[in-house]
Structure formats: C-alpha cells, structure tokens
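Chain and residue survey
These are the residues of each chain, in order.
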Amino acid sequence: MFYARLIAIIALLALAGCKGITDDLMPSGEDKRPDVEAGSNGTQVGQLSPDFSVQDTLDNTRILSDELATSDGVVLYFNMWCPICDAHTSHMRSSIMPDFPQVRFFLVDYVSGSVAVSRAAQLSNGYASSLVLVDADQSLFNMYHASMGTTVVIDSTGIVRMNEDYKDGVKLKEILQSLP
Amino acid sequence: MLPTRLVVVAGVLCAFSPTAWAASCCGGGSAASLIMPKFAKAMMDVSIDWEHYDGFWDSDGKYHSDPPGSDLNQYRLNLAYGHRLASRWQASVILPYVWNSNQYAGLTSKTDGLGDTTLNLVYEPFDKIKCVWRVRNWEDLKPAVYYGVSLTVPTGISPYDDVTNSFDITGRGFYRLDGSVMLDKTIYPWNVSLLFSYGKYLERDVNREYGKYVEPYKKQLGDRKLGTASVGYTYFLESMDTLTFTLAYSLLQEDAGTINGHPDLTTEMEKKSVSATLAYASMDRNWIFKGTWGHAMPESGQGKNFPVTDVFTIRVSHVLR
C-alpha cells in the first residue's frame, strides 16, 4: 500500500515535469536571448520600436513619436494596480524619476479597460500626478510581449533599450543613465 | 487581478499555515499541530482551500481595495501523506493542485496547475504522549516539542517557466529550506500551541521572465519568518468523539530579497492573520474532519506588500495505526 502511494506521488511529479516545471527544478543561467538585427523593427532590445497612439487617463492622445521628440526617452511600466506593481512604482517614483526629469515615465494600465475605470484606479491608488496610459485593448501589452511589471525603455531615436521585469530598478537606472 | 504572482505567494504560504497540519501527538485535531499522532504508522490528508482576495496592503502598510466588480479566487486541492520512519521520526509530503479564477476590472482569467511541493521531516524528542487530564506534578506540564525541517520544491509553474503571462503561475520558482519548532500542550479540555519557523530561499539563476528570455541574473527571495500561537478547547461527546474549537494568530514576514547580490526591497512583505477551526474527531482519533476560516483584516497596518485574503478550508485526515 505504501509503495502504491509512493508511486502515485512520483507519477504526479513526473506528470508535472511534462508541463515544463523542470526549468525551476534545474534553473539555467545561460543567455538564450535571440539575436536581433540592430535597428530592425520590433520590440526587443536593440530594435526600433513601432510607433503607437493611445489615450491617457485625462483623455489626451499620446503618440510615442511625439513623446520622444520632446524628451530624452520614454519609460513604459505595465501596471495592474497590485501590491508588486505598487512596490515597483513607489520605488520608481522616489528613487529614479527625480534623477531623470527629461525622461517621460508612463504607467500602462492594461487591465482597467476604459479611461474612466483606469482614472478611478489611478486616483484610489494614490497616483494622481502620474502619467497613465489606458491600454484598453491590450495592444501595447501584446506588442511589447509584456506582463505585470514589465518595464520598457525607448530612447529618443526610438530604439528599445530595455524590455524586462522591473525587479529592483537597478537596471532601469543604469539604462537611463546611458541614454544619449 | 491578481497578480497571479500574488495568488501564488499567498497560496504558498498556506503550506505552512497552522491548518496545513493535521493532528497532534494525542490525535483529535488541534489546529496548530504539525504531525500525525504518536504511535501512528501513517496518515493521509486531503484538504480543499478556497482563498478569496479582498484588496491589498501596499509597501507602507496602507490598505487598498480592489476595483469594483473584482472577484479574485484561488482554489487548492492538497494531497498529503505522512509516514512514521521510527518511533521519534516522521516524514510527509504535501502536493497541491491550484486553480486560479480571477475577474479584475476588465480582465477574466482561469488557469490551473500543480503547486510547489513540500517535503517535511519531523523529530519528536519524547516517547510518551504529553496530553494529560490532570496536572499531578511538574512533568505533566512538559509540552510536546517537535523539530521540523521542510524543503519546498518548485514543482509549480513560476514566472521563470515557459509561460505566456502571469495568470499561468502556480508556484514561486524557488527552493526553500525551513526549520521549525512547535510546542504543543494539552491539558484536557484545553490545548495551547506555539509554532515558529524560519525559512531560507536558495538563490537561483533566471534567464527568462514570462516566456521571454532576458539577460541572465541571480535572484534570491528574502528570509521567511512565521510565528503562530493558538488556543483550543475540546468538548467530548457522549460517544467520546470530540469537537475541538481553536483560535490562532499568525504573523508572517519575508525580508527583502536580492538580485545579483543587491537588495530588492520590492519583495519585502508582511501579513497578520487570525483563524478559527472546528475539528471533529472519531473516538479512536483515526478520522478527523476540520473546517477552518482564516482571516486577514482589510485595514491599514495589518500587513505590507501583500494581498488581503480570507481562506476557507475543509480537511479530512485519516490516521493509520
């Protein structure tokens, strides 16, 4: 009976392995990022970002190329008004944004679905003074292959300089310091 | 919407909540007990959790409610098996399966998958049952003490697996080693227990986030501390079956983690919670049925950087003698 139970447990683990858990059981530090042609069109680091147009929570239309024309670069933070998002954005507000006044920081709300709901979430979470883009149809979310906490940096020439999780903000700061 | 990442975090916590354990050295179902009764050969345990989310605490401890219309839930089926290795040693394995069901603002998501597995080894430095009916001498006041070591194995689906978005996640992606000590004393009809555990996550390599390969880095979550105190009262039915009612208070904290050796303050968290458990045990204490309600206060100052949840658990344990 004991062995039957043991076999059942091992079988469950084996099945789980089939769903791709082995990446966590044996993590890899190998750099597997695909090679990209510098300056080609796309949203990976080194590529030229597609232009986009999206509403903000004050119902203004924001166009990437316009923002880049009047700043040193644009930062997009994909936000869903959650504890981790709040930890990231609070850190970004207090430790990074003050050092880069010429960079345009946007929170991208990809969950609220409308300007009104997004604005309400923005205010209730204490981000009244932040610039929030309303990604109502998740077009930006899909375009940048984003997830919660993804942070994208686009320099003034339109080149994507960063596209990954915010983590502790160290890499974001390094990237912003290296902007032309 | 949970940030499935958070659902997972909360779900993983349950592996160490008092209600994750099933019996006591005497049997019968104290809520804070950790293991199978003394002299039992083995124990099987099945539980179902329903965790309902109700806003979150930010990193300053301020409470925020979820947007109107949100309905965030996680369901877990936990299969556990404990086996006595020797008179003072026992081991167990807990295998959860997780279902996420979330409606948040404009998004709906339903996903499921295996959660992180927990392996436990417990040492009991005593040979006689410590539950007494009457205190006759100082020896009768000695509690049952349990020393435990647990290994959390990242069998769940984490942000670092080949997943497309955060809703696919059912685990944290890190190995964790916990040491714990529990003191449990029953002087019928009362029971008191204290549980302390300290966990250390192992550092790991990360080269992918949500299916997207990134510049490799090393990540480690912060040390984890859990303290739980509980008080229970047992009522004996005419059949000598028992009903035990237990109240517990828990404080859980995780320190800041590190990324490439640098502190990552965004991963610090804290959660205070209370729980109430009603346990029914058969006269021979071989069958135990439990219902537990775990509650976190949806108000500022009760936690940090963590979702506020209610957890409802139904549990059946069977002890093999």
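Nothing here was measured: the structure is a model prediction, and the numbers come from that model.

All names here are of chain B. Cis geometry marks the peptide bond from Y188 to P189, where omega comes out at 15°. By secondary structure assignment, the location of P189 is in the loop between β8 (176–187) and β9 (190–201). Backbone geometry places Y210, a non-glycine residue, at a positive phi of 50°. Along the chain, the position of Y210 falls in the loop between β10 (204–209) and β11 (212–220). Residue N305 is not a glycine yet carries a positive backbone phi of 55°. Take N305: it is sitting in the loop between β18 (303–304) and β19 (306–320).

Attention now goes to the interface of chain A and chain B. Each partner contributes to the interface: chain A provides 46 residues, whereas chain B provides 57 residues. Buried area between chain A and chain B, both sides added, is near 4,400 Å², and the carbon and sulfur share of it is 61%. The salt bridge involving R204 of chain B is made with D24 of chain A; its shortest N-O contact spans 2.5 Å. The interface formed by chain A and chain B contains 10 residue pairs in polar contact (both at pLDDT 80 or more). Of all the secondary-structure elements, those providing two or more residues to the side of chain A that touches chain B are α1 (2–25), α3 (83–95) and β7 (160–165) of chain A. A per-class count over the side of chain A that touches chain B returns 19 nonpolar, 13 polar and 14 charged.

Residue and element names in this part refer to chain B. As for its placement among the helices and strands, I94 is situated in strand β4 (residues 89–104). In this structure I94 comes out as buried when scored by relative accessible area, which is 11%. With 98 residues separating them in the primary sequence, I94 and V192 have C-alpha atoms 25 Å apart. The contact partners of I94, leaving out residues within four places of it in the chain, are L79, A80, D116, T117, T118 and N120.

Residues and elements named next belong to chain B. The share of residues in chain B with pLDDT of 70 or more is 88%, and the mean pLDDT across the chain is 86. When the criterion is pLDDT under 50, residues 1–23 qualifies, and its contacts beyond four places in sequence or with other chains add up to 103 contacts. Low pLDDT, under 50, characterises residues 28–34; the stretch is placed with 37 contacts to residues that sit more than four places away or in other chains.

Now for the pattern of salt bridges. For the coordinates displayed, the defined rule picks out 26 salt bridges over all chains. K38 of chain B is paired through a salt bridge with E124 of chain B; the nearest N and O atoms lie 2.7 Å apart. Of the two residues, K38 of chain B sits in the loop between α1 (4–13) and β1 (42–57) while E124 of chain B sits in the loop between β6 (117–123) and β7 (144–153), which places them 86 residues apart along the sequence. For the pair shown, K38 of chain B and E124 of chain B are each scored as buried. R88 of chain B is the partner of D127 of chain B in a salt bridge, and the nearest nitrogen-oxygen pair spans 2.9 Å. Linking D127 of chain B in the loop between β6 and β7 with R88 of chain B in the loop between β3 (71–86) and β4, this pair joins segments that are 39 residues apart in sequence. Each member of the salt-bridge network shares a partner with another, and the members are E164, K167 and K171 of chain A together with E209 and E215 of chain B.

Parameters and conventions
- Position numbers for residues count from 1 along each chain, tracking the sequence in the order it is written.
- To label them, take the chains in the order written and letter them from A, then take the ligands in the order written and number them from 1.
- The predicted origin of the model limits local features to residues at a pLDDT of at least 70 and limits the giving and counting of side-chain atom pairs to 80 or more, whereas totals for whole chains, interfaces and linings rest on all residues.
- To get the side-chain values, all heavy atoms of the structure are used, and hydrogens and water are removed first.
- Starting at the N terminus, helices and strands are each numbered in turn, a helix being any DSSP run of H or I of at least four residues and a strand any DSSP run of E of at least two.
- In what follows, residue pairs with any heavy atoms lying within 4.5 Å of each other are defined as contacts.
- In this description, buried area is defined as the sum, over both parts, of the accessible area (probe of 1.4 Å) that is lost when the two are combined.
- Here a salt bridge means any side-chain nitrogen of Lys or Arg lying within 4 Å of a carboxyl oxygen belonging to Asp or Glu.
- Polar contacts, as counted here, are pairs of nitrogen or oxygen atoms within 3.5 Å of one another; within protein the pair requires one atom able to donate a hydrogen and one able to accept it, and residues that are adjacent in sequence qualify only if both atoms are side-chain atoms.
- When residues are sorted by character, Ala, Val, Leu, Ile, Met, Phe, Trp, Tyr, Cys and Pro go into the nonpolar class, Asp, Glu, Lys and Arg into the charged class, and all the rest, Gly among them, into the polar class.
- Exposure classes here rest on a 1.4 Å probe applied to the protein chains alone. A residue is buried below 20% of its type maximum, exposed above 50%, and partly exposed in between.
- Each residue gets a pLDDT score, which is the predictor's confidence in that residue and runs from 0 to 100.

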